[in-house]
Amino acid sequence: MKNILKKIRNITTLSKLNKFLSNTKPKVIGILISNDFTRKILIRVIDSQAKKSFLKDKRFPQKVNLERYYITRALINSLDCAISNAKNKEIKKPFTELVIPSISKMIGSYEKKEKKFLEKHKIYPTNFITISPGKFCNLKCKGCYANSDSASAEKLNFEIVDRIITEKTKEWGSWFTVVSGGEPFAWKSKGKDLIELAKKHPNNWFMIYTNGTLITDKLAKKIAKVGNISPAISVEGFEKETDARRGKGVYKKIMEAMENLQKYGVPYGISVTATKENANMIATNNFWNYYFKNKKISYAWIFQLMPIGRGSIKMMITPEQRKKLLLKTNELIREKKYFIADFWNSGAITSGCISAGKKGGYFYIEWNGNITPCVFNPYSIGNIKDYYKRGKTLTDVLKHPLFRKIRKWQKSYGAMQTNPRKIKNWLMPCPIKDHYKEMKKILTSSKVTPIDCFAEQAIKDKKYEEEMDKMDKKVQEKLDPIWEDKYISTIEE
């Protein structure tokens, strides 16, 4: 162990860190991260190399580099807490074999597998997939993008979901899978459920967006035993706000779910849908301190309500609320090391929009097999079952013309850019929400199919387009000055 610690302390570059993590056996890394003293040393080295790597990157404004470092530091802090709270070897195993070895690759390098893929296909592989295996949900929340309800029976069978996970892992080297719904823990196919899926794919880390009401003591114990599942539980605030949107008594069930997960040392987070009604409350220290300190969450995701599905434009957060939320979450990431990611306000750390199979991004497959660029962009390029029947793979999905068009738009907006002055406002990164008119042109010029009646109504409704465009312009008035004054001004000459 002394020799290992000496090697760690002698790591002075990112490449040396990569080499160390790649060449060290998972069992040894497991021993390192299980001991508080040695884990702290390893974390300190990873943090140091992350900071050096980000701050010397000339492709981005310096404030973007700083925010990329702060969110990485927050991630490292979350991992430290999750590992220290883990109560069995099964929970620690994914950190040993998947997460920790991938940290330095996330910071600045990419694997040989990715290079070979690029040479062969002339495109990058994407990082992960979000999949909703079933539409059924035991709740009916106001503004749900999925329009899920208890009468919905649409679902993918286990074999299809299994093949998707196997294929993305083998073809792209992807080890991260996001599962959404409906309610994922209600999904079952031929007697198999998410526990069986995770058990079959120990080389993947599954983050499950769940309402939490089905996480009993028994299920929490199963999650702990399989080890590679982390639930992201939906809350709208505290009891009043959560029950108002999700139903009376739901918040108490969520609190019970969190207690069950804590009991078995399962790392978990929260998912918050920001609406006009709760945005001011979630932009407070009180809200975040409660969940990170009192409820021991490891991470948090914010979804600003997208008015498709049961959502309406009237429920969207206001431009002023969006600005307030941006400033508050950035402060908490920087000052408190809370891992908080917002699919819109975090655009600076993701180089803009991550949809349509972008490098470092993802695409979405829903319960009927429809493939869309994003969870919030409900227009299908085809069905995964049809792709498989024709002998095609997930890589063929990445090559679809619509996905290429969206990635071209992302590039024009600043993704993959080497000149930081050509980067447009990454505080407004989303084509479907922040640049609706542009996205509508891309969609209507492509062969796409709305996945439900709400998506069909939205794309045909001229008034909807006008209202979305009006909202985009108001948001731009608030966020463009911040981008220019706080980000572009930090570009080094």
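As a starting point, this report considers the structure included with it. A quick note: this is a predicted structure, and the numbers were derived from the prediction, not measured. (Residues numbered from 1 in each chain as written. Predicted model: local features only at pLDDT ≥ 70, side-chain atom pairs only at ≥ 80, totals over all residues. Heavy atoms only, no water.)

A few words on the overall build of the chain. Across its full length, the chain carries 21 helices and 12 strands. In summary, the chain has a C-alpha radius of gyration of 22 Å against a globular reference of 23 Å for 493 residues, a match within 12%. When its C-alpha atoms are laid out on the principal axes, the chain stretches across 70 × 60 × 50 Å. Counting over 493 residues, the chain shows a buried share of 60%. Accessible surface for the chain amounts to roughly 21600 Å². Of this, 52% is attributable to carbon and sulfur atoms. Charge-centre separation for the chain: the mean point of 94 positive side chains lies 6 Å from the mean point of 50 negative side chains. (Helix = DSSP H or I, 4+ residues; strand = E, 2+ residues; numbered from the N terminus. Rg over C-alpha atoms; globule rule 2.2 N^0.38 Å. Buried < 20%, exposed > 50% of the residue type's maximum accessible area, 1.4 Å probe, protein only. Areas by Shrake-Rupley, 256 points an atom, 1.4 Å probe, with all protein chains shown as cover. Lys, Arg positive; Asp, Glu negative; His and termini not counted. Charge placed at Lys NZ, Arg CZ, Asp CG, Glu CD.)

Before going further, it helps to examine the sheet that holds strand β1 (residues 128-131). Within the open sheet, the 10 strands sit side by side as β7-β6-β5-β4-β3-β2-β1-β8-β9-β11. Their pairing is mixed. Across the chains shown, the open sheet's two edge strands, defined by having one partner strand only, are β7 (340-342) and β11 (382-383). With four bridges connecting them, β1 and strand β2 (residues 176-179) associate as parallel partners. Its bridge partner lying in β2, I131 is registered against V179. Along the sheet face, helix α14 (residues 285-294) touches β4 (229-235), β5 (269-274), β6 (300-304) and β7 and points at about 155 degrees away from the line of β5. (Pairing = 2+ DSSP bridges. Contact = heavy atoms within 4.5 Å. Axes fitted to C-alpha atoms, helices over the stretch in contact; angles between N-to-C directions.)

Let us now look at the packing of α14 against helix α15 (residues 319-336). In the contact formed by α14 and α15, the axes pass within 11 Å of each other and the chain directions differ by 45 degrees. The pairing of α14 with α15 is recorded here as oblique in orientation. In this structure, α14 meets α15 at a crossing whose hand is right-handed. For the pair formed by α14 and α15, the contact residues are N285, W288, N289 and K293 on the first element and K328, E331, L332 and K336 on the second. Of the residues in the contact of α14 with α15, the class split is two nonpolar, two polar and four charged. (Parallel < 35°, antiparallel > 145°, perpendicular 65-115°, else oblique. Left-handed = near helix turned anticlockwise from the far one by under 90°. Nonpolar A, V, L, I, M, F, W, Y, C, P; charged D, E, K, R; others polar.)

Along the polypeptide, I76 turns up in helix α5 (residues 62-85). Assessed through its relative accessible area of 6%, I76 is described here as buried. Between the C-alpha atoms of I76 and D47, which are 29 residues apart in sequence, the distance is 7.5 Å.

Attention now goes to unusual backbone geometry. The peptide bond linking G181 to G182 adopts the cis configuration, its omega dihedral lying at 10 degrees. Here G182 shows up in the loop between β2 and α9 (194-200). In this structure, K122 is a non-glycine residue whose phi angle is positive, near 65 degrees. By secondary structure assignment, the location of K122 is in the loop between α7 (112-121) and β1. With a phi angle near 55 degrees, S351 is a residue other than glycine that sits in the positive phi range. Among the secondary structure elements, S351 is positioned in the loop between β7 and β8 (362-365). Look at S351 and you get buried, because its relative accessible area is 18%.

A separate point is empty space enclosed by the protein. Tallied over the full model, the rule gives three cavities of 30 Å³ or more. Taken as a whole, the largest cavity holds about 130 Å³ of empty space. Together, 15 residues line the largest cavity, and E67, T329, N330, I333 and I349 are the ones closest to its centre. The class makeup of the residues in the lining of the largest cavity is seven nonpolar, four polar and four charged. Residue lining of the second largest cavity: M316, I317, R322, K433, D434, M471, D472 and V475, and that is the complete set. The element that contributes the greatest number of residues to the lining of the second largest cavity is helix α21 (residues 462-487), accounting for three residues. The class makeup of the residues in the lining of the second largest cavity is four nonpolar, no polar and four charged. (1 Å grid on protein atoms, 1.4 Å probe; cavity = no way out; pocket = protein on both sides within 12 Å on 5 of 7 lines; lining within 4 Å. Points joined across faces, edges and corners; volume = space filled by probe spheres on them.)

Let us look at the pattern of salt bridges. Scanning the entire structure with this criterion turns up 25 salt bridges. A salt bridge links K263 to D217; its shortest N-O distance comes to 2.9 Å. With K263 in helix α12 (residues 250-263) and D217 in helix α10 (residues 217-226), this pair connects stretches of sequence that are 46 residues apart. As a salt-bridge pair, E335 and R334 come within 3.0 Å of each other at their nearest N and O atoms. Relative accessible area serves as the criterion here: at 55%, E335 is assigned to the exposed category. (Salt bridge = Lys/Arg side-chain N within 4 Å of Asp/Glu carboxyl O.)

So, on to the environment of K27. Following the sequence through the fold, K27 ends up in helix α3 (residues 26-34). A relative accessible area of 69% means that K27 is categorised as exposed. Taking the C-alpha atoms as reference, K27 lies 8.6 Å from E97; in sequence the two are 70 residues apart.

Ranked by internal contacts, the top residues of the largest apolar core, which has 160 residues, are I270, W288 and F363. Take this core: its biggest share by element is eight residues, from α21. For I270, the contacting residues outside a window of four places in its chain are I233, V235, M258, F287, W288, Y291, I297, Y299, A300 and W301. (Core = buried A, V, L, I, M, F, W, Y, C linked by side-chain atoms within 4.5 Å.)

Moving on, we get to the environment of R404. Tracing the backbone through its elements, the reader meets R404 in helix α18 (residues 401-413). Residue R404 is classed as partly exposed on the basis of its relative accessible area of 39%. Residues R404 and K441, 37 residues apart in the sequence, show an inter-C-alpha distance of 14 Å. Discounting residues that sit within four places of it in the chain, R404 has contacts with I123, L398 and K399.

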